[in-house]
Structures are given as structure tokens and as C-alpha cells.
Amino acid sequence: MEDILRISNISKHFKTFSLSNINISIKENCITGFLGKNGAGKTTLIKIILGLVHKDEGNIVYFNNPNLKKRDIKDRIGVVLDDGYFYDNLTLNQMKNLVSSTYTNWNEKKYKSYIERFRLDEKQIISSLSKGMKMKYALSLALSHNADLLIMDEPTSGLDPEVRKELMNILNEYIQEDGKSVLFSTHITSDLEQIADEIIIINDGKILEQISKDELIEEYRLIKSNNKILEKLNMNDLKLVNKTNYGFSAITDKYEKLRKEFPEIIVERASLEDIFLARTEVLENETNI
Amino acid sequence: MGNLNIIISNASEKPLYEQIKEQIKSAILKGDLENGELLPSIRNFSTDLNVSILTVRRVYDELEREGFVSSKAGKGTFVLAGNKDLLEDTKRVLIEEKLIDLVTLSNTLDISIEELHKMLDIVYEEV
Amino acid sequence: MKQIYNLIKKDFILIRNNILIMLLVLGFASIPVAKNTPGSLLYGVIIFMLTFMIYHMISMEEMKQKGHIYLATTPLSNKNIGIAKSFIITISFIIITIGYIGLSAINFTKLGRIGIEDVVLAFFTIEIFFAIYIPLTFKLGYIRLQMISTVTIFLTPIIISFILRRIDFIINIRNYILNIPLPALILFCVIILVLVSISTSKTSASILDSKEY
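Where an unreviewed UniProt entry is consulted, chain C appears under the name ABC-2 transporter permease, with the organism given as Tissierella simiarum.

An unreviewed UniProt entry lists chain B under the name GntR family transcriptional regulator, with Tissierella simiarum given as the organism.

To continue, consider the sheet that holds strand β11 (residues 238-244) of chain A. Residues and elements named next belong to chain A. The sheet built from four strands is open, its strands ordered β11-β12-β10-β13 with antiparallel pairing. The open sheet has two edge strands with one neighbour each: β11 and β13 (266-269). Pairs of neighbouring strands in the sheet enclose a mean axial angle of 20°, with direction left out of account. By the bridge criterion, five bridges tie β11 to strand β12 (residues 247-252) in an arrangement that is antiparallel. Pairing of L238 across the sheet is with T252, part of β12.

What follows deals with the domain arrangement of chain B. Residues and elements named next belong to chain B. In terms of domains, chain B is made up of domain 1 (16-79) and domain 2 (84-126). Distance between the C-alpha centres of domain 1 and domain 2: 29 Å. Opposite the five residues of domain 1 that make contact, domain 2 presents five residues. Across the domain 1/domain 2 interface, buried area totals approximately 400 Å², and carbon plus sulfur atoms make up 81% of it. For the interface between domain 1 and domain 2, the tally reads zero salt bridges. For the side of domain 1 that touches domain 2, the residue count by class is three nonpolar, one polar and one charged.

This part takes up empty space enclosed by the protein. Applying the stated criterion across every chain yields a total of one cavity of 30 Å³ or more. Its volume calculated, the largest cavity comes out at about 60 Å³. Considering the residues around the largest cavity, the lining is formed by L90, Q94, N97 and L98 of chain A together with N6, K9, K10 and I13 of chain C. At the level of secondary structure, the elements contributing two or more residues to the lining of the largest cavity comprise α3 (92-100) of chain A together with α1 (2-14) of chain C.

Bringing the packing of aromatic side chains into the picture now. In the structure shown here, the tally under the stated rule is 16 aromatic pairs over all chains. Look at W106 of chain A and Y111 of chain A: their rings are 5.6 Å apart centre to centre, the planes differ by 45°, and that puts the pair in the tilted class. Arranged with centres 5.6 Å apart and planes meeting at 70°, the rings of Y55 of chain C and F130 of chain C form a pair that is edge-to-face. Here the residue Y55 of chain C occupies a position in helix α3 (residues 39-65), and F130 of chain C occupies one in helix α6 (residues 116-140), the gap between them amounting to 75 residues. Its relative accessible area of 1% is what places Y55 of chain C among the buried residues. By the ring-pair criterion, three or more aromatic residues cluster together here, those being F48, F52, Y55, F129, F130 and Y133 of chain C. Stacked on the ring of F63 of chain A, the Lys or Arg R76 of chain A has its end atom at 3.9 Å from the ring centre. For the cation-ring pair, R221 of chain A lies above Y255 of chain A, with the distance from its terminal atom to the ring centre recorded as 4.3 Å.

The rules behind these values
Residues numbered from 1 in each chain as written. Chains lettered and ligands numbered in written order. Predicted model: local features only at pLDDT ≥ 70, side-chain atom pairs only at ≥ 80, totals over all residues. Heavy atoms only, no water. Pairing = 2+ DSSP bridges. Helix = DSSP H or I, 4+ residues; strand = E, 2+ residues; numbered from the N terminus. Axes fitted to C-alpha atoms, helices over the stretch in contact; angles between N-to-C directions. Domains from an automatic or database assignment. Contact = heavy atoms within 4.5 Å. Buried area = accessible area lost by both parts, 1.4 Å probe. Salt bridge = Lys/Arg side-chain N within 4 Å of Asp/Glu carboxyl O. Nonpolar A, V, L, I, M, F, W, Y, C, P; charged D, E, K, R; others polar. 1 Å grid on protein atoms, 1.4 Å probe; cavity = no way out; pocket = protein on both sides within 12 Å on 5 of 7 lines; lining within 4 Å. Points joined across faces, edges and corners; volume = space filled by probe spheres on them. Phe/Tyr/Trp six-rings, centres within 6.5 Å; stacked < 30°, edge-to-face > 60°. Buried < 20%, exposed > 50% of the residue type's maximum accessible area, 1.4 Å probe, protein only. Lys NZ or Arg CZ within 6 Å of the ring centre and 35° of its normal.

What follows is the structure in C-alpha cells.
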């Protein structure tokens, strides 16, 4: 599987925040989820990839071709930004005319089909769109110029579950075509649980990990038992321990060992959210050492 | 692909790739998937199964290495069930693995080979 | 070309709601002075104020609405952004000039008449001014731009009185222009327009290329 985007040793320093030594790659035909808490540096890194923010150091190779011109790179990327960043006074149609004239492969038919599918009114003023409608409009623009890479910054934040589901369906359709890839950032793990192939975890301006979603989920388990057992366990094996008067639950990657020692422990699959929290906890500790 | 059923269990302790791989393998061994049949594209399969494309890729890679499928660039991945000897071998290997467990357990429990034969006959009738 | 056309259209749509108010205010403000002010001076002040205000309102709306950030992710060429802006100035100039000439032809308005020399002089000044001002707005951003406009509005009377004191100099230039044949004047304006557009697009592009959002 080829890398559609290869980011090496990127750094960017601001007064109060730094991205340091970012090394990641986005694989072709993959939906890559970019997971991190608010303020972890997701938007900054996406802006660097899009050329909206300039990197201090490092190198990005787009579409496996280090010689591509900026214009040609942008021509092949579809973008959905968190705030939309449209001219609010314009109608959908007016903004579309402006955007479509910049792409070499604009497909008006495709655009119209998305507008119809999302039940958007082209004559409407952008400022009157709801958050969900704005995202759908942005998606219509991003998917109508034959882009090979779709980059989305927090596309699901503030949307109701139905619209989120619709977005997931669209992404699944888009990715079926050979050579297409998606990168989207989120702090909502359930989005990724459904759809991501690979997950990149970012925390405090550093990449903690790039890993296949299934592998990440298989690494950890949720265990439950009574508090007597908890006393016998090594706390270093446990993350996110939640103890009540009646028992405890915790996340662990030592579940095989624990199950052998204490067969009465209940072992279940953990949610990505718990794993993410446990993982950031582990790695934060590791990086602190 | 009408004959291929894949059921992924979250309750199972087996990793996802192993669950998928075993079910494809058994479909090939049982003849549900015929020689030369085209497996779904990696992307399509992973979306339908709701697993990572990297997991399906691993399954296909391992199946290819074990000689169950063959992938042709640009065309897809095909079932290789024509090699009857390999299939028979694999079937035998699968059973032998279980038998080894069985014999080892019998030895530790002091069960003679005659006794084991009798038990096997009874169980074979019953199942 | 399509990009430039769409950019210009976008800019005018952005200020569509403000433009009428601006014209009304200016119209009422110039009625009392129209009678006693020579046409050349009134035209000069009006055209400069209007083009400045139009351009300024566009820039403000643009920065407020942030659409330029989305555009920065598209392959839109930054050179075209510069060219579109300088065309906006030229288009505004032409519309306002035609409007002024039209209004001054009606006796009722009491607006002083103007000649070709006034138009050429104003055109030259405005084009040169915006060749510098357009890249500057890209460089400075919203808040500093607001400060600049406040300062400019505050300075306007001082600038006008300064110009009035040098009125002889300007009259000399006007007389000089009057002696040039019309085809040469038109050629001169076209050359200015081309040079200013090229310069604006180049300087704007180099500023926009290194800009962060």
C-alpha cells in the first residue's frame, strides 16, 4: 500500500504551543483517523498539510511525488474545515462558482447530485445554513473535483447522530474507488470506531502512535471483578481504574496474564474511547520518564 | 460470493484477522468457495465487515502465503482450490493438530490407545 | 479569466448591502458643498473617497467572513487575487466617473462639470495609490487595516487643504494633459492599468504565498 502523504520531522513552534518532530504517513485507500483531545495540535497539523500554516522544519511528500507543484497538490485535495470558512454573504451557488473555477477537474453533475442528496437549496445564503448543512455543503464541494485525498478537520463535532451516520456512509462510498484516501481529525472516538482503518493519536503536539484500528482495539481489554481481587493486582497493569463499593473495572493490556491468574475476572472488549484514554495515559507516563 | 459467510464475534478471544481467515479457509476447504472464484476487493470487504482495510489485507496476505488464494495485480484475489493435494494435506494437518492434543491429553490421563479408539467411535456416531 | 471574474463578482456581492447606504450618505453630504466647489475638485474628492471606501469595505468583509481561508486551500492562484482586486478599483472608477459625468450633466444637481484631464489625472493617482495599498492590506490584516482607515479618514481634510495649497501645480499638470491628443491619453491609461495590474498581482502573490491562516 503506497503512502499518499508522507510527513517527516515536521516541527512548528508557537509562543504557547509546539508541534514537534511529527512523523506520519497516510496510506492509500485508507481512512485515517486523527485522534486527539482538544488543543492537542490536530488543526495545526492539518493546516500545515493544507499549506495554511508554514512548517518550521521538516518535509511533506504528497501523492508519492516530491516534485509536485503546490497548485497540482491542492487540485487533488478536497477540504472540509471545522468552521467552514466560506463567505457568509454569498449563496451556495455563488460560492460554488468561485470554488469550481479554481479546480481543473470540476464535475458539476456530481456536485448537483450531492446538493440534491443533501437537500440543500443553492439559492440559500451560506450564513443561514445550520452547522450540519454547512458540513454537507463543504463535503459537496470537496467531493466534486475528483480529489484523491479528502482532508477533514473535526467534521462531526456539533452534529447530530443522523448526520454523522450520513457522513460515514459518504466516506465509505468515496473510499471504495481505488486510489482515494481520507484523513479526518476528531476527538469523538465513536466516529473512528465505525470507519477508520488506521488511527493516529496526537497528544500535546506529539504523535503518540500510528496503528491499525483493529490492532489497537485488540491490544486492550476491559476487566471487571470485585475489590478483593483488585487488591491483589499490580496497579501498573491497570489503566482507568474505576472502583466503587461493589467492584471495579479497568483497562489493561495484560489481560491474558490476569485471566490465567484470576479466572473469575470478567474480560470484555474495550471501547476505543477507553483505549484512547488509557493509551494517552500510558504514553504520557512513558514520555515523561 | 453467495456462499461465503463471515461472522465476526466480539465475544471471541480470537483476533479479528484470525476469525476472518479461518472462516475463509473453511469455506474453501468445504468447497463453498470454488477454485478461481474472485474474493471481494480488500476495500469492499473491509467496509462490509466493518474492519480495518489493514486487517483484510493481512488476511489475504497470509492466505496467499499459505497457498489458498492468489492475487493478480489489478485483477483481485482468487481462490486456489485446484490444488487438491494441498487441500487434502491441510485438512489432514488440521485434524492431526487436534489429534496430537488428544493423544497428549490421553497420555497424561493414562488412557490407552484402545480405549481412545472406542471413545472416538462412540463420539463419531453421536456427533 | 473565470477565476478573476468570479473573484470580482464575489467582492461586489460582499458589499452589496452597504453600497447603497454609502452612496446615499455621500450624496447628501455633497449637496451643500456642490454649489460652491469646482467640479474638478469635487470629482477628485468623491472618486477617491468612493474607491477607497469600496475597497476598504470589501477587505473588511473578506476578513470578517474568512472565505479567503477556504480559497487558500483551493488551487486558486494568488496572482489572480491581486489582479481581481486591481480590476475592482478600475471598475469602480469607471462606474463612478460615468455616474458623476451623468449627474453633472443634469443642471438640477449643481455638480461642477469635469473634463478628460480630470479623469486621467484621477485615474493615474488612484491606480498608483492602490498598487501600493492593495498588497498592504494583504500584509496587514483586519485590525491594523481598521486603524489605517481611521487615520486616513481623519487625515482627509488635511490632505485636501494640502492639495489646495499646491493647486497651481495640479492646474499645470491638467493643462499639460489637455495638450496631449486623446489616443495618446487612452494609450497612457491602458499602459498604467497593465503595469499596475502586473505589479499588484506580483506583490500580492508574494505576500499571500507566505501568509498563514
